[in-house]
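Remarks on the overall topology
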Amino acid sequence: MRKKKNRFLLFIFSWLPGAGEMYLGFMKMGVSLLGIFVLLIMIATYLDIGILALPIIVVYVFSFFHANNLGSLSDEEFYRIQDKFLFGIDEKEISSLKSNMTGRYRRVLAIILICLGIATLWQTMDNFLRHFLGDDFYYRYIHNGMRMIGNEVPRFIIGFVIVWLGIKLIQGKKVELDKLEENEAQEVQADRKWRDKNE
């Protein structure tokens, strides 16, 4: 059973997104916030896109106040709170994501892993060439080309994947809306048939 804990330690832990929630015993909430925070930092750092700092700040501030608000709840309200993943994620969706990763999205996951492997090999080869050829020759003739391919190509691939995912989300929403409209039309048609039969 979760217990309300020391408010001062909660205040200290709440400076790290997710840690305050974990300190209070809400592990799923804490993991959600910490995972999103770290993922956004990794993406913003790798892509070198400053605008991504905005969602990082939003998650940071949300986590700080979320943890402190949980700590300030009355005992009755505190014990009523269920520990669950934030941002609309639940256990069913996680198990569905796992099955999708081994099924439908296996190819996408494989491509991402291959790209990460190529990027790692490229950086290793870059370091090897610099040590093997010497700094003078390397920086004069090779460095700019290696840096451009090593930095810009992965950014291009990630940008392409982001656009592709956005298009898939829009298409998925459209399919969902089409199904909803089709179901409504079928219900209206069934209602008309029922009325015609009873009249």
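Just so you know, these numbers come straight off a predicted model, no measurement behind them. (Residues numbered from 1 in each chain as written. Predicted model: local features only at pLDDT ≥ 70, side-chain atom pairs only at ≥ 80, totals over all residues. Heavy atoms only, no water.)

1. Focus: the overall build of the chain
Basically, it comes down to this: Secondary structure elements follow DSSP: runs of H or I of four or more residues count as helices, runs of E of two or more count as strands, with numbering from the N terminus. When accessible area is computed with a 1.4 Å probe and restricted to protein chains, residues below 20% of their type maximum are described as buried, those above 50% as exposed, and intermediate ones as partly exposed. Throughout, a contact is declared for two residues whenever any of their heavy atoms are within 4.5 Å. Calculation of accessible area relied on Shrake-Rupley with a 1.4 Å probe; when residues are assessed, cover is drawn exclusively from the protein chains displayed.
Check the secondary structure of the chain and you find 8 helices and 0 strands. Mapped from its N terminus to its C terminus, the chain presents α and β elements in the order α-α-α-α-α-α-α-α. The buried share of the chain, taken over its 199 residues, is 19%. A separation threshold of at least 6 residues defines the contact pool for the chain, and within that pool the share at least 24 residues apart is 60%. Accessible surface, the chain as shown: approximately 15,300 Å² in total, 66% of it carbon and sulfur.

2. Considerations on the pattern of salt bridges
What counts, and what does not: Any Lys or Arg side-chain nitrogen located within 4 Å of an Asp or Glu carboxyl oxygen qualifies as a salt bridge.
Overall, the coordinates contain 1 salt bridge when judged by the stated rule. The closest approach of N and O atoms between Arg80 and Glu76, which form a salt bridge, is 2.8 Å. With Arg80 and Glu76 both in helix α5 (residues 75–80) and 4 residues apart, this pair spans about one turn of that helix. Judged on exposure class, the residue Arg80 and its partner Glu76 are both exposed.

3. A short note on the packing of aromatic side chains
The condition that has to hold: Between the rings of Phe, Tyr and Trp (Trp by its six-membered ring), a pair exists once the centres lie within 6.5 Å; its type follows the angle of the planes, with under 30 degrees stacked, over 60 edge-to-face, and the other angles tilted.
Tallied over the entire structure, the rule returns 6 aromatic pairs. Plain terms: the ring middles of Phe64 and Phe65 are 5.3 Å apart, the flat faces sit at 90° to each other, and that makes the pair edge-to-face. A connected cluster of aromatic rings, assembled from ring pairs, spans Phe11, Trp15, Phe64 and Phe65.

4. So, helix α4 (residues 53–71)
Here is the rule: For a helix, the expected span equals 1.5 Å multiplied by the residue count minus one.
The end-to-end C-alpha separation of α4 is 27 Å, in line with the 27 Å expected for 19 residues at 1.5 Å each. Where α4 is concerned, the buried positions are Ile56, Val59, Ser63, Phe64, His66, Ala67, Asn68, Leu70 and Gly71.

5. Some words on a nonpolar patch on the surface
Which entries qualify depends on this criterion: For patch detection, residues must exceed 30% relative accessible area and be free of salt bridges, and they are connected within 9 Å for like charges or within 5 Å for nonpolar side chains (Val, Leu, Ile, Met, Phe, Trp, Tyr).
Residues Met148, Ile149, Val153, Phe156, Ile157, Phe160, Trp164 and Leu165 make up a contiguous nonpolar surface patch of roughly 770 Å² in combined accessible area. With respect to the helices and strands, Val153 occurs in helix α8 (residues 135–198). Residue classification places Val153 among the partly exposed residues on the basis of a relative accessible area of 40%.

6. Regarding the confidence of the model for the chain
Put simply, the rule is: pLDDT runs from 0 to 100 and stands for how confident the predictor is about each residue.
On average, residues of the chain score 76 in pLDDT, and 80% of them reach the 70 mark or higher. Here helix α6 (residues 91–102) stands out as the least confident element of the chain, with mean pLDDT 55; helix α2 (residues 19–23) is the most confident, with 87.

7. Observations regarding the environment of Pro55
Mapped onto the secondary structure, Pro55 falls in helix α4. The exposure class assigned to Pro55 is partly exposed, which follows from its relative accessible area of 30%. The spacing of Pro55 and Ile36 is 19 residues in sequence and 9.7 Å in space, taken between C-alpha atoms.

8. Structural notes on the side chain of Ser14
Here is the rule we go by: N or O atoms within 3.5 Å of each other form a polar contact, as long as, within protein, one can give a hydrogen and the other can take it, and as long as residues adjacent in sequence are counted only when both atoms are side-chain atoms.
Looking at where Ser14 falls in the secondary structure, it is placed in the loop between α1 (7–13) and α2. Side chain to side chain, Ser14 and Asn68 meet in a polar contact 3.1 Å long. Here Ser14 is in contact with Gly20, Phe64, Ala67 and Asn68, once residues within four sequence places are set aside.

9. Focus: the environment of Lys84
With respect to the element layout, Lys84 can be found in the loop between α5 and α6. When the C-alpha atoms of Lys84 and Gly30 are compared, they prove to be 9.4 Å apart, with 54 residues separating the residues in sequence. For Lys84, the residues in contact, after removing those within four places along its chain, are Lys28 and Met29.

10. Observations concerning the side chain of Ser32
As for its position among the elements, Ser32 is in helix α3 (residues 27–47). At a separation of 2.8 Å, a polar atom in the side chain of Ser32 contacts the main-chain carbonyl oxygen of Lys28.

11. A few points about the nonpolar core
For clarity, the threshold we go by: Among buried residues, the Ala, Val, Leu, Ile, Met, Phe, Trp, Tyr and Cys ones that are joined through side-chain atoms within 4.5 Å form a nonpolar core.
Residues Leu10, Leu24, Phe26, Met29, Ile56, Val59 and Leu70 are the most contacted members of the largest nonpolar core, which totals 15 residues. Contributing elements (two or more residues each) for this core: α3 and α4. Here this core takes 5 residues from α3, the largest share from any one element.

12. Considering helix α7 (residues 106–133)
Every α-helix carries 3.6 residues per turn, so stepping three or four residues along brings you back to the same face. Taking 1.5 Å as the rise per residue, α7 with 28 residues should run 40 Å; its terminal C-alpha atoms sit 40 Å apart, in good agreement. Positive backbone phi, at 95°, marks Gly134, one or two positions downstream of α7.

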